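Residue strings, one per chain:
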Amino acid sequence: MDAYLVSIGIVVLIYALLAIGLNLQYGETGLINFGHVAFFAIGAYTSALLSLKGISLWLTFPAAAVVAGLAAIPLGMAALRLREDYLAIVTLGFSETTRLVIQQEEWLTRGVQGLPGIPALFASAGTSMRNLLQLGLLVCVVAAAIVAVKLLQKSAFGRLLRAIRDNEPAVTAIGKDPAGYKIRVFMLGAALAGIAGAFYAHFITFITPEQFIPLVTFYVWMSIILGGVGSMRGALFGTLVLVFFLEGSRFLRDLVPSIAESQMAHIRLGVIGLALILCMIYRPQGFFGKRGS
C-alpha cells in the first residue's frame, strides 16, 4: 500500500507541473492552450531518446525543457494572430499532429511499439527507495516552479502579463508589445510540461504515442478549473482532487462487480464530469479562485 501511495504522489506532482505551466499561460495571460500534452510528449521523448543514447539524466532533463520550449515558439507566434477560439483549435491540432509524427517516425521513436527500457531515475537504488527518491526530487522541482512563478507574478513582467489578459489594446496603447510576452509565456509553460514529460518517461520507463492523447490536456484543464484559475494553491489542490477521482473511481468496480471493466472506464469519466459540473454550479471560481474572477 505504501508503494502505491508513493506512486500516486509521483503522478500527482507530474500533473501539478503540467497544471502550473498551463496556469501560467491561461491564468496569467489568458492564452487558451488545448495542446499542452504535445509538450509533455516532446519532453518525454526527448529525455528518453537521449538517455537511451547513454547521455546522463542530469543533462536530458534540461534538454527536455529546452526542446519543449523551442517547440512552443510557432504556437506563440500563432497566438499573435488568432482569436481565443481559433487558438484553441490550432493548439489542439498541434498536439494531435505531434502525436502522429511520433507515431509515424518509427526510425526514431519506434512508433506504436513504444520505447522500452528507459533508464529510471536513481536506478541503482531498490524499487521502493528509487520511487521515494523520485518523489522527493519532484517535491523540490514543483516547489521551485511555484516559487519561480510567484516571483514572476510579483514582477513587472507578471503585471504586464495580467494587463495583456485583461485589456490587450490598452497595453499596446501605452507602447508595450504583447507579442514577445505571449511567446515567452508559451515557452515557459511548455518548458514546465517538458520537464513533467521527462519525469513521466523515467518513472514509467516505457512510453508510446497513445499515452499522450488530448484527454491528458483536458485532465489538466479540469485540475486548474477545480482549483481556481490563476492560483498556485488551486493548481496543486485541483490536481490532487483530479487524481483522487481518477484513482478512487477504480475501486467502484469492487462495489459493483457486475459492471464490465470497459463500462467502468466510462463511469469514471462520468464521475469526474459530474464533479466538475457541481464545482461550476456551486463554486464557479474554483476552490481557491477569487469570487467574480
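Please read all numbers here as calculations on a predicted model, not as lab measurements. (Residues numbered from 1 in each chain as written. Predicted model: local features only at pLDDT ≥ 70, side-chain atom pairs only at ≥ 80, totals over all residues. Heavy atoms only, no water.)

An α-helix turns once every 3.6 residues. As a result, residues three or four positions apart point the same way. The end-to-end C-alpha distance of helix 1 (residues 2-28), which contains 27 residues, comes to 37 Å, matching closely the 39 Å that a straight helix rising 1.5 Å per residue would cover. Where burial is concerned, most of helix 1 is hidden: 20 out of the 27 residues are buried. Phi turns positive, to about 80°, at Gly30, one or two residues after helix 1. (Helix = DSSP H or I, 4+ residues; strand = E, 2+ residues; numbered from the N terminus. Expected span 1.5 Å × (residues − 1). Buried < 20%, exposed > 50% of the residue type's maximum accessible area, 1.4 Å probe, protein only.)

Attention now goes to the confidence of the model for the protein chain. Mean pLDDT over the protein chain: 87, with 92% of residues reaching 70 or higher. Averaged pLDDT values over the elements of the protein chain bottom out at 62 in helix 12 (residues 252-255) and peak at 96 in helix 2 (residues 36-52). (pLDDT = per-residue confidence, 0-100.)

Moving on: a nonpolar patch on the surface. A contiguous nonpolar surface patch, about 550 Å² in accessible area, is contributed by Leu274, Ile277, Leu278, Ile281 and Tyr282. Here Ile277 lies in helix 13 (residues 261-282). Residue Ile277 is classed as partly exposed on the basis of its relative accessible area of 49%. (Patch = residues over 30% accessible without salt bridge, like charges linked within 9 Å, V, L, I, M, F, W, Y side chains within 5 Å. Areas by Shrake-Rupley, 256 points an atom, 1.4 Å probe, with all protein chains shown as cover. Salt bridge = Lys/Arg side-chain N within 4 Å of Asp/Glu carboxyl O.)

Residues other than glycine seldom take positive phi values, yet Phe122 does so here, at roughly 55°. Tracing the sequence through the fold places Phe122 in the loop between helix 6 (106-109) and helix 7 (127-154). Positive phi, close to 65°, is recorded for Thr205, a residue that is not glycine. Summarising the element assignment, Thr205 is placed in the loop between helix 9 (178-204) and helix 10 (214-227). Under the relative-accessibility criterion, Thr205 is labelled partly exposed at 26%.

Another point: the nonpolar core. Ranked by internal contacts, the top residues of the largest apolar core, which has 76 residues, are Ile14, Leu17, Ile20, Phe39, Phe40, Ile207 and Phe212. With 12 residues, helix 9 is the largest single contributor of residues to this core. Non-local contacts of Phe212, meaning those with residues more than four positions away in its chain, are made with Val37, Phe40, Ala41, Ala44, Tyr45, Arg99, Tyr200 and Ile207. (Core = buried A, V, L, I, M, F, W, Y, C linked by side-chain atoms within 4.5 Å. Contact = heavy atoms within 4.5 Å.)

This part takes up the side chain of Arg99. Checked against the element boundaries, Arg99 lands in helix 5 (residues 84-104). Among the residues examined, Arg99 registers a relative accessible area of 11% and is labelled buried. A polar contact of 2.9 Å, which involves the side chain of Arg99, links it to the side chain of Glu96. If sequence neighbours within four positions are ignored, Arg99 has contacts with Pro209, Glu210, Phe212 and Ile213. (Polar contact = N/O pair within 3.5 Å; in protein donor to acceptor, adjacent residues only side chain to side chain.)

Once that is clear, we can look at the packing of aromatic side chains. In total, this model carries 11 aromatic pairs according to the counting rule given. One aromatic cluster is present, built from ring pairs that chain together Tyr26, Phe34, Phe218 and Trp221. Sitting over the ring of Tyr181, Arg184 keeps its end group 4.7 Å from the ring centre. (Phe/Tyr/Trp six-rings, centres within 6.5 Å; stacked < 30°, edge-to-face > 60°. Lys NZ or Arg CZ within 6 Å of the ring centre and 35° of its normal.)

With that settled, consider the environment of Trp221. On the secondary structure map, Trp221 appears in helix 10. Placed 203 residues apart in sequence, Trp221 and Leu18 show a C-alpha to C-alpha distance of 9.6 Å. Residues in contact with Trp221, not counting those within four places in the same chain, are Leu22, Tyr26, Ile32, Asn33 and Phe34.

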